[in-house]
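# Observations on the three-dimensional arrangement
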Amino acid sequence: MQEDVQMATDLIERALYCFESSFHPLFNLTQGNVRLDYRRPENRSFFIALFRHLTFVGQRGCNRTALEFCKLLLCLDPDGDPLGTLLMIDYYALKSEQYNFLIRLYNEWEAHRNLSQLPNFAFSIALAYFHSSVNGNTSKADDMLQNALIMFPSVLMLLLDKCSIQPDPQVSKHQFFGPANQVNQPAALNQLVALFVGRSFAVWKEPEVVTWLESNVKKVLSKVDKNDRRVKDYKQKRLSRYQGAPRNIYRHILIAEIKDATVNLPAELAGTPVMSYDPLPPKDSITSYERPPRAAWSSLGRENNVVTEFLRSLMPTYLPPPPGSTTTDAPMLDMNTEQEGAIGGYMAPNTDMRQGITNVMDAMRNLLRTLPRGEGEEDEEDGEIIEEFD
């Protein structure tokens with residue numbers, strides 16, 4: 001791969017232009033009520049083109065535009081979310097400083113989507129409350145950040161390491177934030193944590209955010225030492241859940257191409273060929289078009305027409321009707337199966353019917369050979385004969 005980002009961006013924009021040109025007049029993206037089923041292969045290319053376009057837009061620093069494309073992508077299938085838009089919409093909301101939108105999304109969707117169970121939302125919503133706090137009152141943000149640290153303790157050390165921040169000795173030596181939690185937790189949770197840290201570490205490098213994070217980490221350690229009830233409850237939830245990642249999360253990791261998350265893919269996916277235009281298609285795909293079975297006899301061939309029957313007899317797959325029957329009564333021959341007939345039947349070799357048909361075909365060929373040729377052809381032959389005698 002040449003990794004020509006400029007060429008890839010241009011091609012994606014051309015693809016989106018082609019998609020937009022083929023929209024139905026009633027398919028209006030601005031209304032927010034249009035839906036596309038990702039299970040149909042015809043719709044997947046539009047989803048993937050939007051995903052890659054918003055990624056390229058975000059890399060150019062147009063975070064607000066990338067956020068709007070995230071909204072559009074999520075709007076096309078909000079229930080299924082086939083490309084895992086919820087795993088990145090919080091990042092672009094923080095980068096574009098749309099804190100109120102992120103808080104509203106969390107409050108409205110938490111009841112039926114359990115957004116707090118995603119590491120990216122658990123930490124991002126706390127950061128959104130921190131940035132939107134008034135008069136320095138960060139109590140709401142503190143509570144949410146502490147809950148996130150207790151629920152996902154493996155995030156802290158990975159996040160500090162990604163931000164090139166040296167942790168406090170008290171934190172680095174404590175068992176709660178040690179590597180044991182990361183090793184013992186399910187593999188699916190490790191993938192979500194790696195995806196969040198690999199994408200969103202930049203928004204946690206600001207000095208005021210680091211100071212706020214450090215103060216809340218110390219409060220969490222004091223609660224752990226006091227055997228807070230939430231520590232045990234969250235550990236049981238962490239070990240019982242995340243037993244397997246849905247297919248849309250794996251699909252998101254493959255398309256996003258974040259190295260920290262791609263390394264943690266399971267072995268069965270790492271050795272599976274993945275097509276970039278359709279990574280990990282749904283197992284319940286809906287096939288809209290099926291090829292009908294081919295038949296040797298068309299509807300025109302079943303008509304009692306001498307000319308049509310003669311033209312059909314010139315085909316190598318021609319099967320004449322049985323003796324005493326008409327073409328309308330003859331059965332259809334399926335080209336997907338073996339040739340019909342049996343030894344000694346009316347179509348078997350060395351029978352009167354077969355020999356008769358062969359004689360008729362030979363007579364037709366001889367007749368075609370004896371037809372008069374054009375004047376030009378006769379003149380050419382005469383000229384050749386004269387030249388030979390000369």
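Everything here concerns the structure above.
Residues numbered from 1 in each chain as written. Predicted model: local features only at pLDDT ≥ 70, side-chain atom pairs only at ≥ 80, totals over all residues. Heavy atoms only, no water.

### A word on the pattern of salt bridges
Close approach of charged atoms allows side chains of opposite charge to pair. For the structure on display, the rule yields ten salt bridges. The partner of Arg14 in a salt bridge is Asp10, and the shortest N-O contact between them spans 3.0 Å. Residue Arg14 and its partner Asp10 are located together in helix α1 (residues 5–21), separated by four residues, close to a single helical turn. Residue Asp10 is classed as partly exposed on the basis of its relative accessible area of 27%. Across the pair Arg64 and Glu68 runs a salt bridge whose closest N-O atoms are separated by 3.0 Å. (Salt bridge = Lys/Arg side-chain N within 4 Å of Asp/Glu carboxyl O. Helix = DSSP H or I, 4+ residues; strand = E, 2+ residues; numbered from the N terminus. Buried < 20%, exposed > 50% of the residue type's maximum accessible area, 1.4 Å probe, protein only.)

### A closer look at a nonpolar patch on the surface
On the surface, Val307, Phe310, Leu311 and Leu314 cluster together into a nonpolar patch covering about 380 Å² of accessible area. With respect to the secondary-structure elements, Val307 resides in helix α17 (residues 306–313). A residue is classified by how much of its surface remains accessible, and Val307, at 54% relative accessible area, is exposed. (Patch = residues over 30% accessible without salt bridge, like charges linked within 9 Å, V, L, I, M, F, W, Y side chains within 5 Å. Areas by Shrake-Rupley, 256 points an atom, 1.4 Å probe, with all protein chains shown as cover.)

### Description of the packing of helix α6 (residues 119–131) against helix α12 (residues 207–225)
It is at 12 Å that the axes of α6 and α12 come closest, and there the two elements cross at 115°. Helix-helix and strand crossings are classified by hand; for α6 and α12 the assignment is right-handed. Residues Ala126, Leu127, Phe130 and His131 of α6 pack against Glu208, Val209 and Trp212 of α12. Among the residues forming the contact of α6 with α12, the class breakdown is five nonpolar, one polar and one charged. (Axes fitted to C-alpha atoms, helices over the stretch in contact; angles between N-to-C directions. Left-handed = near helix turned anticlockwise from the far one by under 90°. Contact = heavy atoms within 4.5 Å. Nonpolar A, V, L, I, M, F, W, Y, C, P; charged D, E, K, R; others polar.)

### Quick look at helix α13 (residues 229–240)
Here α13 spans 17 Å end to end across twelve residues, near enough to the 16 Å set by a 1.5 Å rise per residue. Within α13, burial applies to Val231, Tyr234 and Arg238. For α13, the arc enclosing every buried residue in end-on projection is 75°, short of the 170-degree limit, so these residues lie on one face. In α13, those exposed residues whose orientation departs by more than 90 degrees from the buried face are Arg229 and Lys232. In the core, the buried residues of α13 are packed alongside α7 (139–151), α10 (179–184), α11 (187–200) and α12. N-capping of α13 is provided by Asp228, with a side-chain oxygen placed 2.8 Å from the backbone N of Arg230. Once α13 finishes, Tyr242 follows within two positions and takes phi at roughly 60°, a positive value. (Expected span 1.5 Å × (residues − 1). Arc of directions from axis to C-beta. Polar contact = N/O pair within 3.5 Å; in protein donor to acceptor, adjacent residues only side chain to side chain.)

### Some remarks on unusual backbone geometry
Of note in the backbone geometry, Asp81 takes a positive phi value of approximately 45° without being a glycine. Checked against the element boundaries, Asp81 lands in the loop between α3 (63–76) and α4 (89–95). Exposure remark for Asp81: the relative accessible area of 3% places this residue in the buried category. Of note, the phi angle at Asn114 is positive, near 50°, even though the residue is not glycine.

### Quick word on the packing of aromatic side chains
Here the structure, examined in full by the defined rule, presents eleven aromatic pairs. Measuring from ring centre to ring centre gives 5.2 Å for Tyr38 and Phe47, while their planes differ by 90°; the resulting arrangement is edge-to-face. Assigned by exposure class, Tyr38 and Phe47 land together as buried. These aromatic residues form a ring-pair network of at least three members: Phe123, Phe130, Phe196, Trp204 and Trp212. (Phe/Tyr/Trp six-rings, centres within 6.5 Å; stacked < 30°, edge-to-face > 60°.)

### Notes on the environment of Arg113
Tracing the backbone through its elements, the reader meets Arg113 in helix α5 (residues 99–113). Residue classification places Arg113 among the partly exposed positions, given a relative accessible area of 25%. Between the C-alpha atom of Arg113 and that of Asp79, which follows or precedes it by 34 residues, the distance is 9.1 Å. Each residue touching Arg113, except ones within four places of it in the same chain, is listed here: Pro78, Asp79, Asp81 and Leu86.

### Concerning the packing of α7 against α12
For the pair α7 and α12, the least separation of the axes is 9 Å and the interaxial angle reads 60°. What the angle tells us is that α7 and α12 run oblique. Here α7 runs over α12; the crossing is right-handed. Of the residues in α12, those touching α7 at Ala141, Asp142, Leu145, Gln146, Leu149 and Ile150 are Trp212, Leu213, Asn216, Val217, Lys219, Val220 and Lys223. Tallied by class, residues from the contact of α7 with α12 come to eight nonpolar, two polar and three charged. (Parallel < 35°, antiparallel > 145°, perpendicular 65-115°, else oblique.)

### Examining the nonpolar core
Counting residues in hydrophobic clusters, the biggest one holds 94 residues, and the most contacted among them are Phe121, Phe123, Trp204, Trp212 and Leu213. With residues up to four places along the chain from it excluded, the contact list for Trp204 reads Phe123, Leu127, Leu145, Leu159, Cys163, Phe196, Val209, Val210, Trp212 and Leu213. (Core = buried A, V, L, I, M, F, W, Y, C linked by side-chain atoms within 4.5 Å.)

### With respect to the environment of Glu206
Relative to the assigned elements, Glu206 resides in the loop between α11 and α12. The class of Glu206 is partly exposed, set by a relative accessible area of 31%. Along the chain, Glu206 and Cys163 lie 43 residues apart, while their C-alpha atoms are 9.8 Å from each other.

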